[in-house]
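Here are the chains, one letter per residue:
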Amino acid sequence: MDPATTSALPLAHTALVRSGLWFQALPSALQEQLLAMATLRALDGGQRLFGRGDAPDGLYCVVEGTLRITGIAGNGKEALLAMVEAPHWFGEISLFDGLPRTHDAWAEGPAVLLHLRQDRLLALLAGQPAWWRELALLMTQKLRLSFRMIEETASLPAAQRLARRLVTIAEGYGDYQGASRREIRMPQEQLALMLALSRQTVNQILRQFAADGAIRLGRGGIEILDIARLRALAA
């Protein structure tokens, strides 16, 4: 099924988009142009937005729900890269090089995305080439995060890696300004996939964090009780 599309942007969605750090830093004229050309796309739970190898179709921002960004490992298993929520933007790599999508994007549950079409974005940027730098900053932010995660995987013990990933998710992968989420709705199996750890290892470490007062474990999620303590465990 193709994602449902509508052209109206509710005020709540516009406010969410404006709350993101990257979008806030854009020139006001560019902000207004992007919002004016945006449409909304609705996905059902379990529906794929795009897959690796698909032709690029533009830039997306999550405004409701959660998107799972994945790849396929060499053994055929799904490699979970990120679970992204509002107001996270994605899809910019294929905007720059025009090449096929690098990963799969799936809706975890019902989701709504803001969509900027590739052809319209390219036309806008052709008329304002200086704005390419603003899109590049979105990509470099993620490159920095990716390099940090690669380094953590190679050099840190499992407990410290898990604490850092929880902090990163709570802070919206850098999308939230001076704030963090109190609840992370992510099963332990997905955390284990994301960090290339066993579920048993993740469960054991989370129980240690809970005993330390940093988190509380719930059904299908993690409640952060003390983000400062969790940052200390990650340091």
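Asks: Let's hear about unusual backbone geometry: which residues, and what values?
Replies: In this structure, P87 follows A86 across a cis peptide bond, with omega equal to 0°. We note that A196 has phi near 55°; this positive angle belongs to a residue other than glycine. On the secondary structure map, A196 appears in the loop between α8 (188-195) and α9 (199-211). For A196, a relative accessible area of 69% translates into the label exposed.

Asks: For the pairing of strand β8 (residues 104-107), give the residues involved together with the corresponding values.
Replies: Relative to β8, strand β3 (residues 48-50) runs antiparallel, the two sharing 2 bridges. Bridging across to β8, R48 finds its partner in W106. Looking at chain direction, strand β5 (residues 66-72) and β8 are connected through 4 bridges and run antiparallel. The residue bridging L67 from the neighbouring strand is A107, located in β8.

Asks: Which residues make up helix α1 (residues 11-19), and what values go with them?
Replies: Those residues of α1 lying buried are H13, T14 and V17. All buried residues of α1 project into a common sector of 100° when viewed along the axis, lining one side. Exposed side of α1, more than 90 degrees from the buried face: L11 and A12 are the residues found there. For α1, the secondary structure elements touched by its buried residues are α2 (21-24), α3 (28-37), β2 (39-43), β4 (58-64), β7 (89-90) and β9 (111-117).

Asks: How would you summarise the sheet that holds strand β12 (residues 221-224) if you had to cite specific residues and measurements?
Replies: To summarise the sheet geometry, strands pair through backbone hydrogen bonds and adopt either a parallel or an antiparallel arrangement. Read across the sheet, 3 strands follow the order β10-β12-β11 without closing on themselves; strand pairing throughout is antiparallel. Two strands lie at the open edges of the sheet, namely β10 (183-184) and β11 (215-218), each paired on one side alone. With 2 bridges joining them, β10 and β12 adopt antiparallel strand pairing. Looking across to β12, one finds that E183 is bridged to E223. Packed onto the sheet, α9 meets β11 and β12 and runs at close to 130° relative to β11.

Asks: Which residues make up the environment of L230, and what are the values?
Replies: By secondary structure assignment, the location of L230 is in helix α10 (residues 227-234). By relative accessible area, L230 is classed as buried at 0%. When the C-alpha positions of L230 and L99 are compared, they lie 39 Å apart, and in sequence the two are 131 residues distant. When sequence neighbours within four positions are dropped, the list of residues in contact with L230 reads A163, L166, V167, F209, A214, I215 and I224.

Asks: Explain the sheet that holds β3 residue by residue, including any values.
Replies: As summarised here, the arrangement of the 4 strands in space is β3-β8-β5-β6, forming an open sheet in which the pairing is antiparallel. Across the chains shown, the open sheet's two edge strands, defined by having one partner strand only, are β3 and β6 (78-85). Taken pair by pair, the neighbouring strands of this sheet meet at an average axis angle of 30°, ignoring direction. Across the sheet, α8 touches β5 and β6, and the angle it forms with β6 is around 115°.

Asks: Provide a residue-level description of the pattern of salt bridges, including the pertinent values.
Replies: Per the counting criterion, the structure on display carries 14 salt bridges. Taking the shortest distance from any N to any O, the salt bridge between E152 and R148 comes out at 3.2 Å. Here R148 and E152 lie together in helix α6 (residues 132-155), a separation of 4 residues that amounts to about one turn. On the accessibility criterion, E152 (5% relative accessible area) is buried.

The rules behind the values
- Residues numbered from 1 in each chain as written.
- Predicted model: local features only at pLDDT ≥ 70, side-chain atom pairs only at ≥ 80, totals over all residues.
- Heavy atoms only, no water.
- Helix = DSSP H or I, 4+ residues; strand = E, 2+ residues; numbered from the N terminus.
- Buried < 20%, exposed > 50% of the residue type's maximum accessible area, 1.4 Å probe, protein only.
- Pairing = 2+ DSSP bridges.
- Arc of directions from axis to C-beta.
- Contact = heavy atoms within 4.5 Å.
- Axes fitted to C-alpha atoms, helices over the stretch in contact; angles between N-to-C directions.
- Salt bridge = Lys/Arg side-chain N within 4 Å of Asp/Glu carboxyl O.

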